[in-house]
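Secondary and tertiary structure notes
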Amino acid sequence: MSSSTVLIVTDVQRDFCPGGSLAVEGGDDVARRITAWVRAHRDLYGAVVATKDEHEAPWHHFTDHPDFLNTWPPHCVIGTPGADFHPDLHCDPDAIFTKGRFRAAYSGFEGTDAQGTYLETWLRGRRIDDVHVAGLTSDYCVAATAWDSVHAGFRTTVLQDLCAGVSPDTTASVRSELAAAGIPFVDSSRFVAEKRSA
Ligand SMILES: [Zn+2]
């Protein structure tokens with residue numbers, strides 16, 4: 001844990017939280033837990049970044065009869081309140097990466113910052129080696145971000161207590177797939193214990 005670790009706060013947006021169009025149970029609690037985590041342990045990280053799903057016309061991503069696997073009710077439409085970060089999320093990100101304007105984009109690594117820089121390029125520019133992923137949802141955008149992260153060569157961990165999933169079944173199967181790829185799901189408290197013993 002050092003300046004070479006980044007926290008990626010994934011898609012903690014109103015539409016993915018209770019009251020939103022694609023609400024995940026406990027999404028608002030995740031917003032508050034991430035805020036508390038960053039406030040208490042910002043010193044663990046060289047950088048904190050946030051990602052946002054932001055759609056304008058995402059081909060086939062939205063339908064009126066979603067299967068909640070590949071198609072979804074409209075969500076995070078650019079310019080609507082649902083695309084905003086949850087009001088209880090305060091993580092003061094160093095950069096925000098948006099994704100999905102014209103097509104589905106689950107991974108934060110598909111996102112670009114305000115200058116058009118891709119997340120991987122941004123992380124390499126800051127000599128990041130370790131990636132912690134938190135946010136929404138464990139079984140889709142968190143998982144896709146963690147998957148791309150490990151494939152890009154970063155040591156990658158999912159902070160499971162700072163995430164919530166669409167469904168327990170898909171979360172469990174994604175968790176075992178990611179574990180097989182060398183991506184552990186751990187509680188954030190483990191890193192506090194490591195910090196104390198360091
Ligand atoms: Zn989307």
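Note: the structure precedes this text.
Conventions we followed
Residues numbered from 1 in each chain as written. Predicted model: local features only at pLDDT ≥ 70, side-chain atom pairs only at ≥ 80, totals over all residues. Heavy atoms only, no water. Donors = N, O, S within 2.8 Å, 3.2 Å for Na, K, Ca; no water. Tetrahedral: all angles 85-135°; square planar, octahedral: opposite > 155°, others 65-115°. Buried < 20%, exposed > 50% of the residue type's maximum accessible area, 1.4 Å probe, protein only. Core = buried A, V, L, I, M, F, W, Y, C linked by side-chain atoms within 4.5 Å. Helix = DSSP H or I, 4+ residues; strand = E, 2+ residues; numbered from the N terminus. Contact = heavy atoms within 4.5 Å. Expected span 1.5 Å × (residues − 1).

What to know about the coordination of the zinc ion
Within the protein, the zinc ion binds to Asp 53 (OD), His 55 (NE2), His 61 (NE2) and His 75 (NE2); these donor distances fall in the range 2.0 to 2.1 Å. For the zinc ion, the four donor atoms are set out with angles of 89 to 165° between them, so the coordination reads as irregular. Mapped onto the sequence, the residues coordinating the zinc ion show the spacing D-x1-H-x5-H-x13-H. Taking relative accessible area as the criterion, Asp 53 reaches 2% and is therefore assigned buried.

Observations regarding the nonpolar core
Among soluble globular proteins, nonpolar side chains are generally buried collectively. Among the nonpolar cores identified, the biggest contains 30 residues, and Leu 7, Val 9, Ile 34, Trp 37 and Leu 159 are the most heavily contacted of them. Residue assignment for this core shows that the elements contributing at least two residues are β1 (5-10), α1 (27-41), β2 (47-53), β4 (130-136), β5 (155-164) and α5 (189-197). Looking at this core element by element, the count peaks at five residues for α1. Look past the residues within four positions of Leu 159 in its chain and what remains in contact with it is Leu 7, Trp 37, Tyr 45, His 132, Val 133, Val 186, Ser 188 and Phe 191. With 24 residues, the next largest nonpolar core counts Val 49, Ala 95, Val 133 and Ala 146 among its residues.

Comments concerning α1
In a regular helix each residue adds 1.5 Å, so 15 residues correspond to 21 Å; α1 covers 21 Å between its end C-alpha atoms and thus fits that length. Residues Gly 27, Asp 28, Val 30, Ala 31, Ile 34, Thr 35, Trp 37, Val 38 and His 41 constitute the buried set of α1. The inward-facing, buried residues of α1 contact β1, β4, β5 and α5.

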